[in-house]
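Read off the chains here:
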Amino acid sequence: MKPQGVHPEDAESTSDASSRPDTADAEEVHADAVESDEPLLPARVHRPSDLMRLLVGVLAVVVLLAIAAFAHGTTSGLEQDINKGTGQAPDLLIKIAGLASSIAILLVPVAFAIERLIKRDGLRIADGVLAAVLAHGVTLATDLWVAKAAPDSIQEALTQPSPGDIHALTDPVHGYLAPVIAYMTAVGMSRRPRWRAVLWIVLMLDAFSMLVTGYTTPFSIILTVLIGWTVAYGTLYAVGSPNVRPTGQTLIAGLRTVGFRPVSAAREDASESAENGDRGRRYFVTLEDGPPLDVTVVDREQQAQGFFYRVYRNLTLRGFATRSSLQSLRQALEQEALLAYAAIAAGANAPKLIATSELGPDAVMLVYEHTGGRTLESLHEDEITDELLRNTWRQVQALQSRRIAHRRLAGDAILVDRSGAVILTDLRGGEIAASTLLLRMDVAQLVTTLGLLAGAERAVASAVGVLGPDAVADCLPMLQPIALTRSTRATLRRLARERAQREREAVLEASQQAKQARLEDAPEEARPVLEKPDKKTVKAEARAEKRAIDEAIEEAREEDLLTQIRHQVLLIRPQAPVEPARLERVKPRTLISFIAGAIGAYFLLTQLTHIEFGPLVANAEWGWVAAAVLFSACSYFAAAMSLLGFVPERVGFMRTVAAQVAGSFVKIVAPAAVGGVALNTRFLQRQGVRPGLAVASVGASQLFGLGCHILMLLSFGYLTGTEKTPSLSPSRTVIAGLLTVAVLVLVVTSVPFLRKFVVTRVRSLFAGVVPRMLDVLQRPQKLITGIGGMLLLTACFVMCLDASIRAFGNEGTSLSIASVAVVFLAGNALGSAAPTPGGVGAVEATLTVGLIAVGLPKEVAAPAVLLFRLLTLWLPVLPGWLAFNQLSRKGAL
């Protein structure tokens with residue numbers, strides 16, 4: 001019979017009876033019969049630590065290549081010093097080392113594989129073999145890149161003339177050494193000290209012999225080690241690692257080693273969310289004699305949970321930081337034990353820590369006396385009394401009297417037992433000797449937590465009754481979402497969405513009831529007019545309804561929980577500081593702008609490094625260059641017209657032009673078809689257009705733009721085909737394009753999966769676009785503005801490209817406007833489809849090849865395309881960045 005554990009909620013009332021099995025069962029319980037109850041652990045897990053090591057390895061490879069590329073003098077000096085030092089080694093030692101390492105480097109991995117297979121650990125060997133194969137492929141690709149495309153400085157740092165053939169170069173990466181390192185890392189030889197020592201000695205001997213004999217360079221060896229190490233951890237993260245987390249049986253065995261006699265262990269919380277996964281797995285353990293225990297197990301994988309989030313918080317928040325981004329198990333054990341003892345010493349009700357122990361090399365456990373009770377957030381509304389709220393504040397006051405910060409006073413970290421006593425748990429993330437800032441953040445967090453459960457008025461009143469009005473007023477600058485826990489922020493966002501939805505539904509229902517009341521109160525002869533109002537009346541009612549919804553949502557936003565708490569505190573302390581403290585060191589928007597600027601600068605420099613500016617400037621016709629600049633500038637006004645033509649609401653024209661200029665910065669860091677759409681949608685929302693209508697307006701603009709683009713491409717292609725023939729038959733290129741499109745349509749419609757995919761996407765697009773188009777069609781002036789803006793936008797780009805061609809050509813090399821338009825439209829379409837930012841690479845290649853195909857010499861086509869892209873893509877980046885930041889500061893983006 002399997003022993004049954006007691007649920008924590010009922011532990012107090014049944015501790016005597018349930019902490020030990022029945023008399024009949026007790027005779028049957030012995031060491032081998034004890035069982036545990038917990039969810040089945042997965043066979044493989046994707047460890048965040050492997051991903052972290054993969055990213056570190058990739059960064060190290062990039063840094064190494066950067067040093068090799070830009071510090072040529074340093075690398076050359078290092079190689080000379082190493083060659084000078086190794087050149088004094090005896091020849092006999094070199095030969096012995098080379099022979100021994102070449103044999104052992106193959107035998108050692110094979111011997112380890114045989115040992116693992118004997119112990120039935122074949123999956124680990126399979127992981128190692130897969131990593132070795134992938135590492136070999138990466139080395140081949142790296143060798144090819146260094147030989148064909150890498151800068152000369154990198155090639156010189158990674159290769160040198162081969163001793164056997166002075167006309168050949170040594171391998172940049174060693175094709176057998178990197179796979180061995182990847183295999184060694186993937187199979188876990190680093191955890192076996194003897195095997196690890198033997199293999200590293202062999203690898204060092206092999207590297208030494210190759211350095212001395214001149215078959216490699218120091219940078220080549222370092223790159224080989226990094227590639228093998230990085231590929232190994234990438235493989236482990238992709239396929240998953242064997243799950244070595246301790247099970248309930250391991251826990252029970254560990255409890256016996258510290259003097260307990262467990263009967264059963266039941267897992268209390270089976271879920272491991274992104275925020276709570278690093279808090280450890282919790283077990284309820286019953287003993288043969290004595291009360292039950294609460295045991296927390298922490299392993300290495302849980303230590304890595306939330307690593308990237310903690311790094312982000314530590315980098316972006318000023319004045320305080322979360323705990324260390326990545327702690328060792330020993331540090332985690334010591335921190336939690338220290339906080340547990342400090343909290344009890346301060347007089348707070350906290351779980352009493354009675355034992356700690358390791359559970360093998362990868363886990364530790366902390367044993368607490370069983371507390372019982374329920375979490376504060378699980379209590380019914382009637383159970384949350386004023387006395388309970390004051391008791392909760394008294395526990396926090398006890399911590400703060402000794403300057404202990406809890407750091408996570410959420411509803412699930414506060415327990416209430418059957419007697420009403422409040423118990424603070426989850427102290428692992430806290431701090432002793434905490435700063436005043438952290439203590440105020442705890443007050444702000446707890447008043448928000450209690451406000452979610454009991455309302456702002458009761459939460460503030462209970463806090464003032466225990467801490468005093470000054471302490472509560474001092475927390476107001478901390479009362480902002482960034483200072484709260486992730487779970488609290490998520491709850492506040494959810495409540496805000498629900499509140500806004502309720503307000504919207506209430507306004508719509510009130511509007512519908514008002515219409516029905518007017519219809520019922522109207523005379524019989526006036527009812528037909530009210531039942532079928534004219535378009536002007538419909539539009540007026542729609543505007544009034546929209547205005548009422550916006551006002552209701554704004555009022556709901558002003559009455560959120562944090563605002564209510566501020567109002568309650570200000571009623572007690574009107575002079576309390578309400579300006580939020582600046583807690584963010586770097587705002588996400590600033591960080592994104594910096595990264596985007598770095599990417600844009602990288603692409604710009606890579607484009608400009610291959611251009612000879614001397615002949616380019618000397619041969620240019622500056623009149624046509626000025627014309628190209630003018631056409632490029634006019635394109636932003638045309639883009640604003642094409643957008644505003646599909647927005648019935650009133651939006652400032654010059655501010656829309658500034659948004660289009662800002663789009664020139666956004667598209668350099670995002671694909672052309674994505675960045676502009678997102679920016680325009682955001683811009684319209686900030687200008688007061690409702691989110692759904694903003695998306696529909698941008699979608700309608702894009703849909704019309706696509707249709708105009710296709711029609712113009714076909715029209716200009718038709719004209720191009722008739723330029724040199726007396727008949728009006730289209731060119732073969734146009735016919736081939738139409739046939740290709742027809743074949744693609746037939747393929748999509750004939751394959752059910754593709755047909756369903758396309759229909760779903762088109763239906764979602766038209767669901768919002770079509771009603772928006774109906775609104776636009778009712779205003780012909782807007783429609784004319786939108787279509788005219790699209791035609792003018794295309795004309796500006798075509799004329800800019802034509803002026804760029806004329807700037808470097810002569811009378812005999814000019815092309816017709818139709819030919820230039822076809823080339824531009826084709827290149828622009830390919831650039832929109834390309835995943836590179838701004839269509840970099842794809843547009844340049846398409847425009848250059850297209851101009852050459854229609855008869856323009858290569859000497860004219862290449863600089864013309866360069867000038868066109870400089871004016872339309874690269875030079876507007878700086879004014880676009882300025883416009884982007886200016887609009888962001890004004891709240892327009």
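Residues numbered from 1 in each chain as written. Predicted model: local features only at pLDDT ≥ 70, side-chain atom pairs only at ≥ 80, totals over all residues. Heavy atoms only, no water.

Visitor: Let's hear about the overall build of the protein: which residues, and what values?
Guide: Regarding its fold elements, the protein presents 35 helices and eleven strands. The buried share of the protein, reckoned over its 893 residues, is 44%. In the protein, of all internal contacts separated by at least 6 residues, the share reaching a separation of at least 24 is 76%. As presented, the protein carries roughly 45300 Å² of accessible surface, and 63% of it is formed by carbon and sulfur atoms. (Helix = DSSP H or I, 4+ residues; strand = E, 2+ residues; numbered from the N terminus. Buried < 20%, exposed > 50% of the residue type's maximum accessible area, 1.4 Å probe, protein only. Contact = heavy atoms within 4.5 Å. Areas by Shrake-Rupley, 256 points an atom, 1.4 Å probe, with all protein chains shown as cover.)

Visitor: Give a detailed account of the environment of Pro-242, specifying residues and quantitative values.
Guide: Looking at the element boundaries, Pro-242 is found in strand S3 (residues 241-242). Separated by 197 residues in sequence, Pro-242 and Val-45 place their C-alpha atoms 6.6 Å apart.

Visitor: Could you give an account of the pairing of strand S4 (residues 262-267), with specific residues and numbers?
Guide: Burial analysis of S4 places six of its six residues in the buried class, which makes it a mostly covered element. Sheet analysis places S4 next to strand S5 (residues 281-287), joined by five bridges and oriented antiparallel. Bridge pairing in S5 links Arg-267 to Tyr-283. (Pairing = 2+ DSSP bridges.)

Visitor: Account for the side chain of Asp-412, naming residues and giving values.
Guide: The topology assignment puts Asp-412 in the loop between helix H15 (386-401) and strand S10 (414-416). Taking the relative accessible area as the measure of exposure, Asp-412 reaches 17% and is therefore buried.

Visitor: For the sheet that holds strand S9 (residues 374-375), give the residues involved together with the corresponding values.
Guide: Read across the open sheet, the three strands follow the order S9-S10-S11; overall the sheet is antiparallel. The open sheet has two edge strands, S9 and strand S11 (422-424), and neither has a second partner. Relative to S11, S10 is paired through three bridges, and the arrangement is antiparallel. Of the residues in S11, the one forming a bridge with Val-416 is Val-422. Contacting S10 and S11, H15 crosses the sheet at an angle of about 35° to S11. (Axes fitted to C-alpha atoms, helices over the stretch in contact; angles between N-to-C directions.)

Visitor: So what's going on with the environment of Ile-787? Which residues, and what values?
Guide: Looking at the secondary structure, you find Ile-787 in helix H31 (residues 780-808). For Ile-787, a relative accessible area of 28% corresponds to the partly exposed category. Linking Ile-787 and Gly-705, residues 82 residues apart in sequence, is a C-alpha distance of 8.2 Å.

Visitor: Let's hear about the packing of helix H25 (residues 622-644) against helix H34 (residues 858-874): which residues, and what values?
Guide: It is the contact of H25 with H34, at a shortest axis distance of 9 Å, that shows an interaxial angle of 35°. Judged by the sense of rotation from one axis to the other, the crossing of H25 with H34 is right-handed. Along its contact with H25, which presents Val-625, Ala-628, Val-629, Ser-632 and Tyr-636, the element H34 presents Leu-867, Leu-871 and Thr-872. Of the residues that constitute the contact of H25 with H34, the class distribution is six nonpolar, two polar and no charged. (Left-handed = near helix turned anticlockwise from the far one by under 90°. Nonpolar A, V, L, I, M, F, W, Y, C, P; charged D, E, K, R; others polar.)

Visitor: Any chance you could break down a nonpolar patch on the surface for me, citing the residues and the numbers?
Guide: A cluster of nonpolar side chains, contributed by Leu-59, Val-63 and Ile-67, occupies part of the molecular surface with about 250 Å² of accessible area. Here Ile-67 is to be found in helix H3 (residues 48-70). (Patch = residues over 30% accessible without salt bridge, like charges linked within 9 Å, V, L, I, M, F, W, Y side chains within 5 Å. Salt bridge = Lys/Arg side-chain N within 4 Å of Asp/Glu carboxyl O.)

Visitor: Lay out H15 in plain terms, naming residues and giving numbers.
Guide: When the terminal C-alpha atoms of H15 are compared, their 22 Å separation across 16 residues agrees well with the 22 Å that a helix rising 1.5 Å per residue should span. Burial in H15 covers these residues: Leu-388, Leu-389, Asn-391, Thr-392, Trp-393, Gln-395, Val-396, Ala-398, Leu-399 and Gln-400. Along its buried surface, H15 packs onto helix H14 (329-345), S10, S11, helix H16 (436-454) and helix H17 (456-467). Just beyond H15, the residue with positive phi is Arg-403, at close to 55°. (Expected span 1.5 Å × (residues − 1).)

Visitor: Just give me the short version of the pairing of S5, but keep the residues and values in it.
Guide: Extensive coverage of S5 is indicated by the burial of six of its seven residues. Pairing of S5 with strand S6 (residues 293-299) involves five bridges; the strand directions are antiparallel. Bridging from a neighbouring strand, Phe-284 pairs with Asp-294 of S6. A loop of five residues connects S5 with S6, the two strands running antiparallel in sequence, and Gly-290 in this loop sits at a positive phi of about 105°.

Visitor: Describe the packing of H31 against H34, naming the residues involved and giving the relevant values.
Guide: Where H31 meets H34, the closest approach of the two axes is 8 Å, and the angle between their N-to-C directions is 135°. In terms of axis orientation, H31 runs oblique to H34. At the point where H31 passes H34, the crossing takes the right-handed sense. From H31, Phe-797, Cys-800, Leu-801, Ser-804, Ile-805, Ala-807 and Phe-808 reach across to H34, where they touch Val-860, Pro-863, Ala-864, Leu-867, Phe-868, Leu-871 and Thr-872. (Parallel < 35°, antiparallel > 145°, perpendicular 65-115°, else oblique.)

Visitor: An account of the confidence of the model for the protein is needed here, citing residue identities and associated values.
Guide: With 67% of its residues at a pLDDT of 70 or more, the protein shows a mean pLDDT of 75. Mean pLDDT in the protein bottoms out at helix H2 (residues 23-28), which sits at 35, and peaks at H15, which reaches 94. Below a pLDDT of 50 lies the segment residues 1-35, which in the model reaches 59 contacts outside its immediate sequence neighbourhood of four places, other chains included. (pLDDT = per-residue confidence, 0-100.)

Visitor: Can you tell me about the packing of aromatic side chains, naming the residues and giving the values?
Guide: Summed over the entire model, instances satisfying the criterion amount to five aromatic pairs. Where Trp-229 meets Tyr-233, the ring centres are 5.1 Å apart and the plane angle is 75°; that geometry is what we call edge-to-face. Highlighted residues: Trp-229 and Tyr-233, both in helix H10 (residues 218-239), separated by four residues, approximately one helical turn. According to the relative accessible area criterion, Trp-229 is partly exposed, its value standing at 27%. On the basis of relative accessibility, which here comes to 10%, the residue Tyr-233 falls in the buried class. (Phe/Tyr/Trp six-rings, centres within 6.5 Å; stacked < 30°, edge-to-face > 60°.)

Visitor: Which residues make up the nonpolar core, and what values go with them?
Guide: Trp-393 and Ile-565 are the most contacted members of the largest nonpolar core, which totals 55 residues. A total of nine residues in this core trace back to one element, the largest contributor, which is H16. Excluding residues that lie within four positions of it along the chain, Ile-565 makes contacts with Val-447, Thr-448, Ala-456, Val-460 and Leu-479. (Core = buried A, V, L, I, M, F, W, Y, C linked by side-chain atoms within 4.5 Å.)

Visitor: Report on the environment of Gln-249, specifying residues and quantitative values.
Guide: Looking at where Gln-249 falls in the secondary structure, it is placed in helix H11 (residues 248-257). Separated by 15 residues in the primary sequence, Gln-249 and Ser-264 place their C-alpha atoms 9.1 Å from one another.

Visitor: Please provide a residue-by-residue account of the pattern of salt bridges, values included.
Guide: Counted under the stated rule, the structure contains 15 salt bridges. Where Arg-282 meets Asp-426, a salt bridge forms, and the shortest distance between an N and an O atom there is 2.0 Å. Taken together, the residues Arg-282 in strand S5 and Asp-426 in the loop between S11 and H16 connect sequence positions 144 residues apart. Across the pair Glu-383 and Arg-374 runs a salt bridge, and its minimum N-O distance is 2.6 Å. Judged by its relative accessible area of 34%, Glu-383 is partly exposed. When its relative accessible area of 29% is taken as the criterion, Arg-374 is described as partly exposed.

Visitor: Hey, could you go over the state of the cysteines for me, with residue numbers and the actual values?
Guide: The tally for this structure, following the rule as stated, stands at zero disulfides. Not engaged in a disulfide, the cysteine Cys-800 finds its nearest cysteine sulfur in Cys-796; these two sulfurs lie 8.9 Å apart. Of the residues examined, Cys-800 reaches a relative accessible area of 0% and is grouped as buried. (Disulfide = S-S within 2.5 Å.)

Visitor: Give me unusual backbone geometry: which residues, what numbers.
Guide: Phi at Arg-403 takes a positive value of approximately 55°, unusual for a residue other than glycine. Even without glycine at this site, Asp-426 takes up a positive phi of about 55°.

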